[in-house]
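Each chain, written out:
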Amino acid sequence: MLIDTHSHIYSEEFDADRAETIARAKTVGVSHIVLPNIDMSSIERLSALAHSDTNFFYVANGLHPTSVNANYKTELNDIFTDATFALLPNVVAIGEIGMDLYWDDTYQKEQKEVLDFQLEYAREKKLPVIIHCRNAFAQIIDVMSARDRSGLIGVFHCFSEDYKSAKCVVDMGFYIGVGGVLTYKKSILPDVVSKIPLTSILLETDSPYLAPVPHRGKRNEPSFVACVAEKLSQIIGRDYDDVCDVTSANAKKLFDLI
Ligand SMILES: [Zn+2]
């Protein structure tokens, strides 16, 4: 069994062959896929796909940091209404949320505010969070450290920081989301995953982005989560089936999946 804890296959990149893509994922043993939201413009597509198979798709609702702009208050309000949640089956997390200062830090202050709001929402609703962190690890830790974090759990998805940061995440009781980057030649992730316990790791694809070797540069898809599991098994010297079982159990525990 494999769980892709982060995929955007509701996006238009899969419109031409979504059914085949899902079938391929099931063929390699994927049993659940978590679909994280981006903003209001993605809700309808996400909802339609999630409703198509409620035993397979699970949903995270939230506002992505790259969608935080001058209009963020309206966007945030619209996402966190009962009406929006009513559109979504199987909501198991708040995500994806976080900070992204890679391309643009114009809205850094607003990103912090939006992150903090969503962390509080998740804490109140007792839902885990899916954190997107790009060039903003210190800033995210600042926001998290400044607030009441009791009961808050989650995953730093598509983790790309060093061991020291990974340890900080694990010490907070959070998971590390590992995807295609693990398979890249210059990646520092092999060092990270060999030093943190397998019980703190979730597998993901972040499809359609960041396809693992040997598919690097092409469109990523949930079936490729098997390549990530394979690579992880080689790096840490554990059985492939073991890696699949432990990481799936981690995902089930965090997202309370059936
Ligand atoms: Zn994502």
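Whatever comes next refers back to the structure up there.
Residues numbered from 1 in each chain as written. Predicted model: local features only at pLDDT ≥ 70, side-chain atom pairs only at ≥ 80, totals over all residues. Heavy atoms only, no water.

Draft legend 1. Molecular detail of the coordination of the zinc ion. The zinc ion binds to the protein through His6 (NE2), His8 (NE2) and Glu96 (OE), with metal-donor distances spanning 1.9 to 2.1 Å. For the zinc ion, all donor residues lie on one chain, and their spacing in sequence is H-x1-H-x87-E. Taken together, the positions of His6 in the loop between strand E1 (2-4) and helix H1 (18-27) and Glu96 in strand E4 (residues 91-100) put the pair 90 residues apart, joining distant regions of the chain. On the accessibility criterion, His6 (1% relative accessible area) is buried. (Donors = N, O, S within 2.8 Å, 3.2 Å for Na, K, Ca; no water. Helix = DSSP H or I, 4+ residues; strand = E, 2+ residues; numbered from the N terminus. Buried < 20%, exposed > 50% of the residue type's maximum accessible area, 1.4 Å probe, protein only.)

Draft legend 2. Examining the pairing of strand E2 (residues 30-36) more closely. Along E2, 6 of the 7 residues are buried, which leaves the element largely enclosed by surrounding structure. Sheet topology note: the E1/E2 ladder contains 3 bridges and is parallel. If you follow Leu2 over to E2, its bridge partner there is Val30. Here E2 runs beside strand E3 (residues 57-61); their pairing, made up of 4 bridges, is parallel. Opposite Leu35, over in E3, you have Val59 as the bridge partner. In this fold, the crossover linking E2 to E3 by way of helix H2 (residues 40-52) has right-handed handedness. (Pairing = 2+ DSSP bridges. Right-handed = clockwise from strand over helix to strand, strands pointing away.)

Draft legend 3. The side chain of Asp4, seen in detail. Tracing the backbone shows Asp4 in strand E1. One buried charge, Asp4, has no salt-bridge partner; the nearest side chain with opposite charge is Arg219, at 11 Å. In this structure the side chain of Asp4 is engaged in a polar contact, spanning 2.6 Å, whose partner is the side chain of Thr205. Setting aside its immediate chain neighbours within four residues, Asp4 contacts Val30, His32, Ile33, Val34, Leu203, Glu204, Thr205, Ser207, Pro222 and Val225. (Lys, Arg positive; Asp, Glu negative; His and termini not counted. Salt bridge = Lys/Arg side-chain N within 4 Å of Asp/Glu carboxyl O. Polar contact = N/O pair within 3.5 Å; in protein donor to acceptor, adjacent residues only side chain to side chain. Contact = heavy atoms within 4.5 Å.)

Draft legend 4. Representation of the packing of aromatic side chains in the model. If you walk through the whole model with that rule in mind, you get 8 aromatic pairs. Summarising the aromatic geometry, the rings of Phe56 and Phe57 are spaced 5.0 Å apart at their centres and angled 75° between planes, so their arrangement reads as edge-to-face. In this structure, Phe56 and Phe57 share a single accessibility class: buried. Consider the rings of Phe80 and Phe117, whose centres lie 5.5 Å apart with planes at 75°: the pair is edge-to-face. On the criterion of sequence distance, the pair formed by Phe80 in the loop between helix H3 (72-79) and helix H4 (82-87) and Phe117 in helix H5 (residues 108-125) is long-range, its members being 37 residues apart. Residue class for Phe80 comes out buried when judged on its relative accessible area of 12%. Among the aromatic residues, those joined into a cluster by ring pairs are Phe80, Phe85, Phe117 and Tyr121. (Phe/Tyr/Trp six-rings, centres within 6.5 Å; stacked < 30°, edge-to-face > 60°.)

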